[in-house]
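What the coordinates show
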Amino acid sequence: MIIEIRGLSKHYGDTIAVDRLSLDVPGGSVYGLRGPNGSGKSTTIRMLTGQARPTSGTATVLGIDPATDPEGVRSRLGIIPEQETPPSFLTAAECLRFVGSIRNLEGTDEAADW
Ligand SMILES: Nc1ncnc2c1ncn2[C@@H]1O[C@H](COP(=O)(O)OP(=O)(O)O)[C@@H](O)[C@H]1O
Ligand SMILES: [Mg+2]
């Protein structure tokens, strides 16, 4: 499994953002997580990328626990957010080089010059 989630919950005070979610996503699949606003999709993604700590339950991405090794997970996956705000003063190539440099990615200079 690429993603394994077991009983994952996130509480913000009295708000239960994610309530005991369990699911498996096998490798090579396309998986959609859909639901109304406020149903906990973003919070789930944030927990899978180590940006939010689960209140309870567990998750692994590529076998890595984002709660204990967020950088390990983030170095191996990519996210295209709903809204992105790249700095308007950078060209597309400059933005690619900038992100490549802060993430220590190889080949972004060549890709930016392509
Ligand atoms: N940082 C936060 N602090 C407090 N409540 C939050 C926070 N993030 C999300 N929530 C609440 O958790 C619930 C789920 O939100 P969210 O994961 O953004 O849902 P979705 O992405 O499906 O629209 C909502 O009630 C939202 O208001
Ligand atoms: Mg959302």
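The following paragraphs examine the structure supplied in this document.

Reading guide: rules and limits
Residues numbered from 1 in each chain as written. Chains lettered and ligands numbered in written order. Predicted model: local features only at pLDDT ≥ 70, side-chain atom pairs only at ≥ 80, totals over all residues. Helix = DSSP H or I, 4+ residues; strand = E, 2+ residues; numbered from the N terminus. Core = buried A, V, L, I, M, F, W, Y, C linked by C-beta atoms within 7 Å. Buried ≥ 20, exposed ≤ 12 C-beta atoms within 10 Å, placed from the backbone. Contact = placed C-beta atoms within 7 Å. Near = placed C-beta within 6 Å. Nonpolar A, V, L, I, M, F, W, Y, C, P; charged D, E, K, R; others polar. Pairing = 2+ DSSP bridges. Axes fitted to C-alpha atoms, helices over the stretch in contact; angles between N-to-C directions.

A few words on the environment of threonine 85. As for its placement among the helices and strands, threonine 85 is situated in the loop between helix H2 (70-74) and helix H3 (92-102). The sequence separation of threonine 85 and threonine 68 amounts to 17 residues, and the corresponding C-alpha distance is 28 Å.

Another point: the nonpolar core. Grouped together as the largest cluster of nonpolar side chains are 9 residues: Ile5, Leu8, Val18, Met47, Leu48, Ala52, Ala59, Val61 and Val73. Counting only elements with at least two residues in this core, the list comes to strand E1 (3-12), helix H1 (41-48) and strand E3 (56-61). Not counting the four nearest positions on each side in its chain, leucine 48 is found in contact with Ile3, Ala59, Val61 and Pro66.

Moving on to the site of ligand 1. Around ligand 1, a shell composed of Tyr12, Thr15, Ala17, Gly35, Asn37, Gly38, Ser39, Gly40, Lys41, Ser42 and Thr43 is seen. For the shell around ligand 1, the secondary-structure elements that each account for two or more residues are strand E2 (15-25) and H1. Grouping the constituent residues of the shell around ligand 1 by class yields 2 nonpolar, 8 polar and 1 charged.

Across 7 bridges, E1 lies against E2 in antiparallel orientation. Note on E2: the bridge partner recorded for histidine 11 is isoleucine 16. Hairpin geometry of E1 and E2 is characterised by an intervening segment of 2 residues between the two adjacent antiparallel strands and by a positive phi of about 60° at glycine 13. Across 5 bridges, the pairing between E1 and E3 is antiparallel. Counterpart to isoleucine 5 in the pairing with E3 is alanine 59.

With that settled, the discussion passes to the environment of alanine 93. Among the structural elements, alanine 93 can be located in helix H3. Alanine 93 sits 19 residues away from alanine 112 along the chain, and the two C-alpha atoms are 4.8 Å apart.

The subject of this paragraph is the sheet that holds E3. With respect to topology, 3 strands assemble into an open sheet ordered E2-E1-E3, the strand pairing being antiparallel. Edge strands, defined here as strands with exactly one partner in the open sheet, are E2 and E3. With direction set aside, neighbouring strand axes in the sheet form an average angle of 20°.

Quick look at unusual backbone geometry now. For arginine 20, which is not glycine, the phi torsion reads 50° and is therefore positive. Looking at the element boundaries, arginine 20 is found in strand E2. Judged by C-beta crowding, with 12 C-beta atoms within 10 Å, arginine 20 ranks as exposed. The phi dihedral of asparagine 104 falls on the positive side, at around 55°, and the residue is not glycine. Mapped onto the secondary structure, asparagine 104 falls in the loop between H3 and helix H4 (108-113). By the C-beta count within 10 Å, which is 8 here, asparagine 104 ends up exposed.

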